[in-house]
Amino acid sequence: MGAGALNHDAELPNPDRQRWLGLAEKALAGGSFEEKLISHTDDGIRIEPLYDRSVTAEPLARANPSSPWIVSQRIDDPDTGRAKAQALEDVAQGATGLSLVFEGAPNAFGYGLPRTAEALETVLDGVPLNRIQVRIDAHPWSRAVADWLVAFLSKRRSDPAKLNLSFGIDPAAIFAGTGRLRMSIEALQASMPQSLAHFFSMGVPGVLLEADGRVFHNAGATEAQELGTMMASAVSYLRMFEEARQPLVYAAPHIGFALSVDQDQFVSMAKVRALRRLWARVQEACSIAASTANIHAETSFRMMTSADPETNILRTTIAAFAAAAGGADSISILPHTIAHGLPTGFARRVARNTQLIMANESHIDHVADPACGSGAVEALTAELGEAAWEEFQRIEAEGGVLSSLQQGHIQKRVQAASARRNAAYQAGERAIIGTTLHPSKTERPVETLAAERRPAVTEGVAVCEPLFPIRLDQSIGAAP
């Protein structure tokens, strides 16, 4: 066959789908189209190799589309002196948000700030609160920390109404991540609206309650399971306020979301976008004016590897790009050495600068919803949203998120999804670069900060089977 024929086949002026299929089958030379060119997500959503452009799609904007997303740095060092220095360094070098992670938080991975008002005040001392977002990661004592933060702001004579705050109160994530609640489910549902009423009266902007899906993702949940559980959590909070006769139209804007994004770029983009649509759908069902979802995205802990940790920089870069292109309002990148212990300043700087380059040099935020109209991403967004809605309805039929967790229903589905994924890795159907594929032949020491891991929370009245974070390389026995 001559070069002209090859060029003719390679060029596709105005190709239609049937012609493309014919060329694809010819290239496969008898191979299975389904096996070679069709893939599926963990939820079984079919991913085609070619999509038509979506001409009717509407863009999904961030909560504040005129500004870049918030570059949020984790502050999780048990040594408050080091943590204070980290916070000041991060802000001085361009971070626009701080995520305070206290001990006992499901997302602390064994570390975290001491659970004291003094630690909070020490870390925030000298931080220009009017220029950054301060978010508290959900943990068992979030309600007390909220009071500490308000008291600290009063001491500094800062007006909370002029700040960007997220208090991270999420009983469902705490129940799932620790297996404990400090009071019964019934007592929590009865007391929570009154407990938070004075925050509403203060006019504090930002997020009071957060539906956090990271604990489910890091334990092995699929994308739809993570999103469906988040919707069930958010609806449970709306229901609490409704039963306390507090207007939902005022409560809804104070409910935020936190999710995980991983190296599967298009699925992660679709997950962020699907979350926006799901929250709008919930508010429509409640007959209240839709408020834009406030979404915090953190790169996946479960995708991090201990072998060849530099490959984690590539993973987190892809994940952060997906979060930014998908429209997350704030993003936090886990430092690439986190699988080995508490990250040093170098690993933290790499995480911070990755975002700063995306925002200040690549200008990813200059286009509102860049995925809008993409046939592939729009299809993934729609189908993922439907699968998540089914999971949400399933949880509601089980009595709501707290009841479903107490009875172990959510845990069983997450564990089953994790087992299916692990089996695919062990069978070689999926691979982890640097771990199962092209594994590093030499082990090098990885520098971390000296810090003791904190014990898991054991106190509580309500009890369920906890969902602890576990990395993929650990779960398939590939971690050194």
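Worth saying up front: this structure is predicted, and the values here are computed from it rather than measured.

## Section: the packing of aromatic side chains
Centre-to-centre distance and the angle between the planes together describe a pair of aromatic rings.
Then, in step 1: If you walk through the whole model with that rule in mind, you get 3 aromatic pairs.
Then, in step 2: One residue, Arg 115, lies across the ring of Trp 141, its end atom 3.6 Å from the ring centre.
Then, in step 3: Taking the ring centre of Trp 389 as reference, the NZ or CZ of Arg 281 above it sits at 4.0 Å.

## Let's talk about the sheet that holds strand S8 (residues 207–212)
Then, in step 1: Around the barrel, which closes on itself, the 8 strands sit in the order S3-S4-S5-S6-S8-S9-S10-S11 with parallel pairing between neighbours. If you compare each strand with its neighbour and ignore which way they point, the axes differ by 30 degrees on average.
Then, in step 2: Two strands pair when backbone bridges link them, and strand S6 (residues 164–169) and S8 are joined in this way by 2 bridges, in the parallel orientation. Within S8, the position partnered with Ser 166 by the bridge is Val 207.
Then, in step 3: Along the sheet, helix H5 (residues 117–124) contacts strand S3 (70–75), strand S4 (97–100) and strand S5 (133–136); its crossing angle with S4, the most-contacted strand, is approximately 160 degrees.

## Considering the pattern of salt bridges
Then, in step 1: Per the counting criterion, the structure on display carries 29 salt bridges.
Then, in step 2: Notably, a salt bridge pairs Glu 48 with Arg 46, separated by 2.7 Å at the nearest N-O pair.
Then, in step 3: Residue Glu 398 is joined to Arg 413 by a salt bridge in which the shortest nitrogen-to-oxygen separation is 2.7 Å. With Glu 398 in the loop between helix H15 (375–397) and helix H16 (401–407) and Arg 413 in helix H17 (residues 409–426), this pair connects stretches of sequence that are 15 residues apart.
Then, in step 4: Residue classification places Glu 398 among the buried positions, given a relative accessible area of 16%.
Then, in step 5: Through salt bridges with shared partners, one network takes in Arg 74, Asp 76, Arg 135, Asp 137, Glu 210, Asp 212, Arg 214 and Glu 298.

The rules behind each value
- Position numbers for residues start from 1 in each chain and track the written sequence from start to end.
- A pLDDT threshold of at least 70 governs which residues receive local features in this predicted model, and a stricter bar of 80 or more applies before side-chain atom pairs are shown or counted, although totals over entire chains, interfaces and linings include all residues.
- The basis for every side-chain value is the complete set of heavy atoms in the structure, and neither hydrogens nor water enter the calculation.
- Centre distance within 6.5 Å is the pairing criterion for rings of Phe, Tyr and Trp, where only the six-membered ring of Trp is used; planes under 30 degrees apart are then read as stacked, over 60 as edge-to-face, and the remainder as tilted.
- For a ring to carry a charge above it, either NZ of a lysine or CZ of an arginine must fall within 6 Å of the ring centroid while also lying within 35 degrees of the normal to the ring plane.
- Note: two strands are recorded as paired if DSSP finds a minimum of 2 bridges between them.
- What counts as a helix is a DSSP run of H or I of at least four residues, what counts as a strand is a run of E of at least two, and both are numbered from the N terminus.
- For helices, the fitted axis covers only the stretch in contact; all axes are lines through C-alpha atoms, and the angles between them, taken along N-to-C directions, range from 0 to 180 degrees.
- Residue contacts are counted whenever heavy atoms from the two residues lie within 4.5 Å of one another.
- The term salt bridge refers to a side-chain nitrogen of Lys or Arg lying within 4 Å of a carboxyl oxygen of Asp or Glu.
- Exposed residues in this analysis have more than 50% of their type's maximum accessible area, buried residues have under 20%, and partly exposed residues fall in between, with area computed by a 1.4 Å probe over protein chains only.

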